[in-house]
Amino acid sequence: MSDYIVRAIAANAQIRVFAATTRDLVEEARKAHNTSPVVTAALGRLMTGGVMMGTMLKGEKDLLTLQVKGDGPLQGMTVTADSAGNVKGYALEPQVMLPPSPLGKLDVGGAVGNGMLRIIKDMGLKEPYVGQTTLQTGEIAEDLTYYFATSEQVPSSVGLGVLMEKDNTVKHAGGFIIQLMPFTEDSVIAKLEENLAAFPSVTKVLDEGKSPEEMLQILLDGMDMEITDTMPVRFYCNCDKNRVEKAIISIGEKEIKEMVEEGKEIEVKCHFCNKGYNFSVEELKTLLRKAKR
């Protein structure tokens, strides 16, 4: 099954929900960055949350960036998503290895540590919107739930999960975001809380072979769910040699001159997808001339 997001409303539009299956895009990121299992889980959760949040954006060119910075060995992660279901991301330390958590699971919170979550929305205005909150657990889902409540004043529940195979590839990945509208009735909130308390976990539901639609049926049982949209999502990086050239020019004349003087071809790798771009000494000389302008 390819990756996709389902959007729905429930309880006469008092609740809006998103659910996603993201196994392929998380596996794509794992292969691109050769991440360890705990980093795959951490980055996979952030990318899953990010791609769902990206579809909340209205404009075609709107961009969402999620940055996690922590004092754990992972150090930090950056994920970028757009409104069309494209997402990309990387971790600063992709090879972190940690023993399992006390519950026997991958210790994402231990890898991330204490720190900050920053959400940047670039919607084509003069200044992007920036929201920042303290990490609550480092487990990502709780941190996004807290962000929605404090920075956007939207009561939400976020569930995210990544399940690994024994060979360290991704078996399942996905998640959900449930948000309450300002006029949500107390009885609806009570029913939703009851459903959430009975919900096992994202990975357990996916491992049972259930789809995002079936996940929502469990979460919104008895609440008249109506699916409004389904859209594919994917790991996609829009880097190309031209963009990398601009990045090299931006580092300045002095640094480019030093590269030219070394007399060797260089390789520059994209942070987001790890693709390498080679530049010969002659190409570097051309970029040096452009940097001088």
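In the block above lies the structure referred to throughout.
Note that the structure is a prediction, hence the values are computed from the model and not measured.

Asker: What should I look at first to understand the overall build of the chain in this one?
Answerer: Looking only at helices and strands, one finds ten helices and 13 strands in the chain. Here the chain has a C-alpha radius of gyration of 21 Å; the compact-globule value for 293 residues is 19 Å, and the two agree. Along the longest, intermediate and shortest principal axes, the C-alpha atoms of the chain span 70 × 45 × 35 Å. Burial analysis of the chain (293 residues in total) assigns 50% to the buried set. Pairs at least 24 residues apart make up 62% of the contacts formed inside the chain by residues separated by at least 6 positions. When the accessible surface of the chain is summed, it comes to about 14,600 Å², and 49% of that surface belongs to carbon and sulfur atoms. Each charge sign in the chain was given a centre, from 33 positive and 41 negative side chains, and these centres are 8 Å apart.

Asker: I'm lost on the pattern of salt bridges in this one. Help?
Answerer: As enumerated under the stated definition, the model contains twelve salt bridges in all. A salt bridge links Asp207 to Lys171; the shortest N-O distance between them is 3.2 Å. Remark: Lys171 occurs in strand β9 (residues 170–180) and Asp207 occurs in helix α6 (residues 202–207); sequence separation between them is 36 residues. On the accessibility criterion, Asp207 (39% relative accessible area) is partly exposed. Residues Glu258 and Lys254 are paired through a salt bridge, measuring 3.4 Å at the closest nitrogen-oxygen approach. With a gap of four residues between them, Glu258 and Lys254 both fall in helix α9 (residues 253–262), about one helical turn apart. Using a relative accessible area of 39% as the deciding quantity, one classes Glu258 as partly exposed. You can call Lys254 exposed: its relative accessible area is 59%. Each member of the salt-bridge network shares a partner with another, and the members are Lys204, Glu208 and Lys210.

Asker: Sorry if this is basic, but what is going on with unusual backbone geometry here?
Answerer: If a residue is not glycine, its phi is most likely negative; likewise, a peptide bond is most likely trans. One non-glycine residue with positive phi stands out, namely Ala13, at about 65°. Considering the arrangement of structural elements, one finds Ala13 in the loop between β1 (4–10) and β2 (15–21). For Ala13, a relative accessible area of 33% corresponds to the partly exposed category. Backbone geometry places Asn274, a non-glycine residue, at a positive phi of 70°. Structurally, Asn274 can be placed in the loop between β12 (266–269) and β13 (276–279). The exposure class assigned to Asn274 is partly exposed, which follows from its relative accessible area of 31%.

Asker: When you look at the packing of helix α8 (residues 241–250) against helix α10 (residues 281–292) in this model, what are you seeing that I'm missing?
Answerer: Geometrically, a packed helix pair is captured by the angle between its two axes and the distance between the axes. Look at α8 against α10: their axes get within 9 Å of each other, and the N-to-C directions meet at 60°. Comparing their axes, α10 and α8 come out oblique. Seen from above, α8 lies across α10 with right-handed handedness. Taken together, the residues of α10 that come into contact with α8 (itself represented by Lys241, Glu245, Ile248 and Ile249) are Glu283, Leu287, Lys290 and Ala291. Its residues assigned to classes, the contact of α8 with α10 comprises four nonpolar, no polar and four charged.

Asker: Explain the side chain of Ser156 here, please?
Answerer: The topology assignment puts Ser156 in strand β8 (residues 156–164). The exposure class assigned to Ser156 is buried, which follows from its relative accessible area of 15%. Within the structure, the side chain of Ser156 is placed 2.9 Å from the backbone oxygen of Val154, a separation counted as a polar contact. A distance of 3.2 Å separates a polar atom in the side chain of Ser156 from a polar atom in the side chain of Gln179. Not counting residues up to four positions away in its chain, the partners in contact with Ser156 are Thr145, Phe148, Ile178 and Gln179.

Asker: Before we go on, may I ask you to explain the sheet that holds β1 in this structure?
Answerer: The strands making up a sheet are joined through hydrogen bonds of the backbone, oriented either antiparallel or parallel. Pairing is antiparallel across the open sheet formed by five strands, whose spatial order is β8-β9-β2-β1-β10. Both outer strands of the open sheet, β8 and β10 (226–232), are each paired with one neighbouring strand and no more. The sheet shows a mean angle of 10° between the axes of neighbouring strands, taken without regard to direction. Bridging between β1 and β10 involves six bridges; their strand directions are antiparallel. Note that in β10 the partner of Ile9 across the bridge is Glu226. Strands β8 and β9 of the sheet are contacted by helix α4 (residues 141–151), whose axis makes an angle of about 160° with β8.

How each quantity is defined
Residues numbered from 1 in each chain as written. Predicted model: local features only at pLDDT ≥ 70, side-chain atom pairs only at ≥ 80, totals over all residues. Heavy atoms only, no water. Helix = DSSP H or I, 4+ residues; strand = E, 2+ residues; numbered from the N terminus. Rg over C-alpha atoms; globule rule 2.2 N^0.38 Å. Buried < 20%, exposed > 50% of the residue type's maximum accessible area, 1.4 Å probe, protein only. Contact = heavy atoms within 4.5 Å. Areas by Shrake-Rupley, 256 points an atom, 1.4 Å probe, with all protein chains shown as cover. Lys, Arg positive; Asp, Glu negative; His and termini not counted. Charge placed at Lys NZ, Arg CZ, Asp CG, Glu CD. Salt bridge = Lys/Arg side-chain N within 4 Å of Asp/Glu carboxyl O. Axes fitted to C-alpha atoms, helices over the stretch in contact; angles between N-to-C directions. Parallel < 35°, antiparallel > 145°, perpendicular 65-115°, else oblique. Left-handed = near helix turned anticlockwise from the far one by under 90°. Nonpolar A, V, L, I, M, F, W, Y, C, P; charged D, E, K, R; others polar. Polar contact = N/O pair within 3.5 Å; in protein donor to acceptor, adjacent residues only side chain to side chain. Pairing = 2+ DSSP bridges.

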